[in-house]
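# Working through the structure, step by step
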Amino acid sequence: MAVLPVPLLALVLLLLGCGGPGAVGQRRKEMVLSEKVNQLMEWASKRSVIRMNGDKFRRLVKAPPRNYSVIVMFTALQPHRQCVVCKQADEEYQILANSWRYSSAFTNKIFFAMVDFDEGSDVFQMLNMNSAPTFINFPAKGKPKRGDTYELQVRGFAAEQLARWVADRTDVHIRVIRPPNYAGPLMLGLLLAVIGGLVYLRGSNLDFLYNKTGWAFAALCFVLAMTSGQMWNHIRGPPYAHKNPHTGQVNYIHGSSQAQFVAETHIVLLFNGGVTLGMVLLHEAATSDMDVGKRKIMCIAGIGLVVLFFSWLLSVFRSKYHGYPYRYVRL
């Protein structure tokens, strides 16, 4: 009777007990998956956004098996990178990750991670990535598709916008909970205190409430703020500007007609204000009782302001709507 060697016998018994090579492979796959999930859960319990280098990314995000999604922010937060947008996006990303981590619906179905360029430059090279910040969803099955890359320039990086995108890609709905912000109530209280103080000090003379110039100036400020896109900023939460981490070039005007930067709204507000000031000077030059010389100066100044600032407005419009043929002054 032939006797099998001990290692071979052990292997045969293992195969027989587990149901063959396929069952062994499946069990090993389950063990690897369990280890990965346990590791991620342990890190998530300490920090909502898991920091990853190249090794961790390849092992826990790229390599199978995986039954969980990972939202990864690729960024450049080191001070010498001077990426202001990265810091702003990181704050919103932390809010989103904390809202999920401390939610009653928290599970191991999705994790939030971060790869900094200085800690995982090899990951940037592997993914052919040349800009930051960038958000990518790595789904539980298969490779990321086109929609798994977040459209930062269009949607902005507000936590609420990120949460909608996460819900679209993973079916995980996250209710964003922001830390308390007392700046708004304090400013409202200060405004009410100022108004109350004015009414108290000038209770016998409230003619200032009927000052047309004051109300006109307040209405003009409100109109300029709204026409420059401040409400869009409040809803979408876009970055202030965009800086290319490789070239260092900063863009204050978004190249698409479907999006804008916060700095862009400030620029447009300034240009609209310049045009408005020019129109006011023209009106005063035509209706005031000043001498002719001063009225001529006001007229020339008003025309100059209107032409200059409206030309700049057309330049901004032309940079967003490529091929727009009209201009006032060649700038």
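Values in this document were obtained by computation on a predicted structure and should not be read as measured data.

### A closer look at the overall build of the protein chain
Along the protein chain, the regular secondary structure elements total 12 helices and six strands. Put simply, the protein chain has 331 residues, and 34% of those count as buried. Within the protein chain, counting contacts between residues at least 6 apart in sequence, those at least 24 apart form 66% of the total. Taken as a whole, the protein chain presents about 20,600 Å² of accessible surface, with 62% of it coming from carbon and sulfur.

### Points about helix 3 (residues 54–62)
For helix 3, every residue scored as buried is listed here: Gly54, Phe57, Leu60 and Val61. Projected down its long axis, helix 3 carries its buried residues within an arc of 155°, all on one side.

### Section: the state of the cysteines
In the structure shown here, the tally under the stated rule is one disulfide. Paired through a disulfide, cysteine 83 and cysteine 86 show a sulfur-sulfur distance of 2.2 Å. Judged by the torsion about the S-S bond (70°), the cysteine 83/cysteine 86 disulfide is right-handed. Residue cysteine 83 is classed as buried on the basis of its relative accessible area of 5%.

What counts and how
- Position labels on residues start from 1 in each chain and follow its written sequence.
- Owing to the predicted nature of the model, reporting of local features is limited to residues with pLDDT of at least 70; listing and counting of side-chain atom pairs is limited to 80 or more, with chain, interface and lining totals taken over all residues.
- Neither water nor hydrogens contribute to the side-chain values; these are computed over all heavy atoms in the structure.
- Numbering goes from the N terminus for both helices and strands, where a helix is a DSSP run of H or I of at least four residues and a strand is a run of E of at least two.
- Only protein chains enter the accessibility calculation, which uses a 1.4 Å probe; a residue is then buried when its area is under 20% of its type maximum, exposed when over 50%, and partly exposed in between.
- Note on definitions: a residue-residue contact is assigned when non-hydrogen atoms from the two residues lie within 4.5 Å.
- For accessible areas, the Shrake-Rupley method is used with a probe of radius 1.4 Å. Any residue's cover is judged against the shown protein chains and nothing else.
- What the arc describes is the spread of directions from the helix axis to the C-beta atoms.
- In what follows, a disulfide is any cysteine sulfur pair within 2.5 Å.

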